[in-house]
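Residue-level listing of the chains:
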Amino acid sequence: MNRRNFLKSTAALAALPALPAFAQDSLAAQAREAYIYTYPMVKNYLTMFQYALEPGGSQYKGPLNTLVSIARVYTPEDTAIITPNSDTPYSFIVFDLRAEPVVVTMPAIEKERYYSLQLIDLYTNNVDYPGTRVDGNDGGDFLITGPGWKGEVPEGIKRVIEMPTALAIGIVRTQLFAPDDLDKVKEIQAGYKAAPLSTYANTPAPPAPPAVDWMPISDELMVSNYWPLAAFLLPFAPAYPGDEGERENLARLGVRDGAAWPAPDLAPDAAAAMRDTVVATEKEIRDQAGRMTDSSKLFGTPEFMKGRYMDRAAAAQGGIYGNSVQEALYVIYAVDEAKAPLDGKAGKYTLTFTDETLPPVDAFWSLTMYDRPRQLLVSNPIHRYLINSAMLRGLRKNDKGEIVLTLQHESPGAELESNWLPAPAETFYAVMRLYLPKAEALDGRWIAPPIRPSS
């Protein structure tokens, strides 16, 4: 919606007598605030639905509370998650924790390999990280509970982790050292398990939770049916302390826990203006995401993200399920050194590493290519979607001992192809991931080298 129509809609609403609960001329502003607050939940549910609630869908992985492993790295055909990595084969579980907790088993692995279970609540906050950084590589059984669970913890549980929302998602990343290491990753993935607590403890199962008619969602329905989707999800996500004002604002707009929208007490013109706000605010969030340069303030625990609703929305739009900075730091390259947008249609670029500027990590690093319009991996003739630390031995050095990566659409020629990261013939961005970043990457002593136009 353009500015003229936005103001016209707001002015029209000022004449309506049907909205006594709040200032009528602020409806658009309150709808904008409500959209920013709920956007991560709805975006998260889009993935959850595709992965666990849409059997037969192209992205379906398995039923709720079932851990499913993908014994390969992601490619351009994987479209449910934007900005995915392509150097840690994934395992997934979508939790419905209403009836009882779920026990997730992490197997013991060798000390040199990184793995983690990222536990993400419905708001997209990172709640915990069983795995290398927090628990080491000895594995264990982790009890994942819903909000407020007070049951008995059986013997053998390594840690109890309470999720603040009844719907949640778990993402396991297992480091792949090289293509010929995939069989070992498959062996590790076979050790990832999930079971309801009653099955794990061999106790009677609790009563089943009320049946849910899971609301369909797609990219298109996130626009046309946004507010009903937001209302549908609210019962699964208790308000965090400090969110009371946001929930009251939603109720005034007729977006109430599990209720149909528009509510009977919402004037038709108000509902129309709220629908218009979806389009306008989504663009605002997208623009904010486009200005991101690193992930240090975008992903984190519920406490870290408290009150930072626009940051959380921009993170969900630009790279949902990003890791907390202690787990992985992301450097986002959307522009070159001169602040010009990266464009593979005519542009050719380089990224140069010296021994001093290689990313400092305790696990591994990678540089991955994405097209800007779709935010997905880029198809290319050599099927290379990233360059990472495991590839260092095969990268060519120049006469100064530097590693110069080439980022462009056309091949730079056979002699330089070892260092080529193919770009699309359109606008693009690249993300450098530092897994288990060292202190110098977190405190600013290490500066990521810029992407430069090649001469």
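As a starting point, this report considers the structure included with it. (Residues numbered from 1 in each chain as written. Predicted model: local features only at pLDDT ≥ 70, side-chain atom pairs only at ≥ 80, totals over all residues. Heavy atoms only, no water.)

### Focus: unusual backbone geometry
Note: most residues except glycine have negative phi, and most peptide bonds are trans. Basically, it comes down to this: Only DSSP runs of H or I with at least four residues qualify as helices, and only runs of E with at least two residues qualify as strands; both kinds are numbered from the N terminus onward. Partly exposed describes any residue whose relative accessible area lies between the buried limit of under 20% and the exposed limit of over 50%, with all areas from a 1.4 Å probe on protein chains only and scaled to the type maximum.
With an omega of 5 degrees, the peptide bond running from W261 to P262 counts as cis. Its place among the elements puts P262 in the loop between helix 8 (244-252) and helix 9 (268-290). You will see that H383, though not glycine, has its phi angle at about 55 degrees, which is positive. Tracing the sequence through the fold places H383 in the loop between strand 12 (361-371) and strand 13 (386-388). For H383, a relative accessible area of 60% puts it in the exposed group. Phi at L436 is positive, roughly 50 degrees, even though this residue is not glycine. On the secondary structure map, L436 appears in strand 16 (residues 428-437).

### Brief notes about the nonpolar core
Counted only if it meets this: By nonpolar core is meant a set of buried Ala, Val, Leu, Ile, Met, Phe, Trp, Tyr and Cys residues that side-chain atoms within 4.5 Å join together. Here, residues are in contact when the closest pair of their heavy atoms is within 4.5 Å.
Ranked by size, the top nonpolar core spans 74 residues in total, and within it Y45, W227, V255 and M274 carry the most contacts. In terms of residue count, the dominant contributor to this core is helix 2 (residues 27-53) (16 residues). Leaving out residues up to four positions away in the same chain, M274 has contacts with L27, A31, W227, L253, V255, W261 and L266.

### With respect to the pairing of strand 4 (residues 115-121)
Which entries qualify depends on this criterion: Note: two strands are recorded as paired if DSSP finds a minimum of 2 bridges between them.
Of all 7 residues that make up strand 4, 7 are buried, and the element is covered over most of its length. Burial of the side chains of strand 4 extends over both faces: Y115, L117, L119 and D121 are buried on one face and S116, Q118 and I120 on the other. As judged from the 7 bridges shared by strand 4 and strand 8 (residues 167-174), these two strands associate in the antiparallel manner. By the bridge assignment, Q118 is partnered in strand 8 with I171. As paired elements, strand 4 and strand 5 (residues 126-128) share 2 bridges and run antiparallel to each other. Paired with I120 across the bridge in strand 5 is N126.

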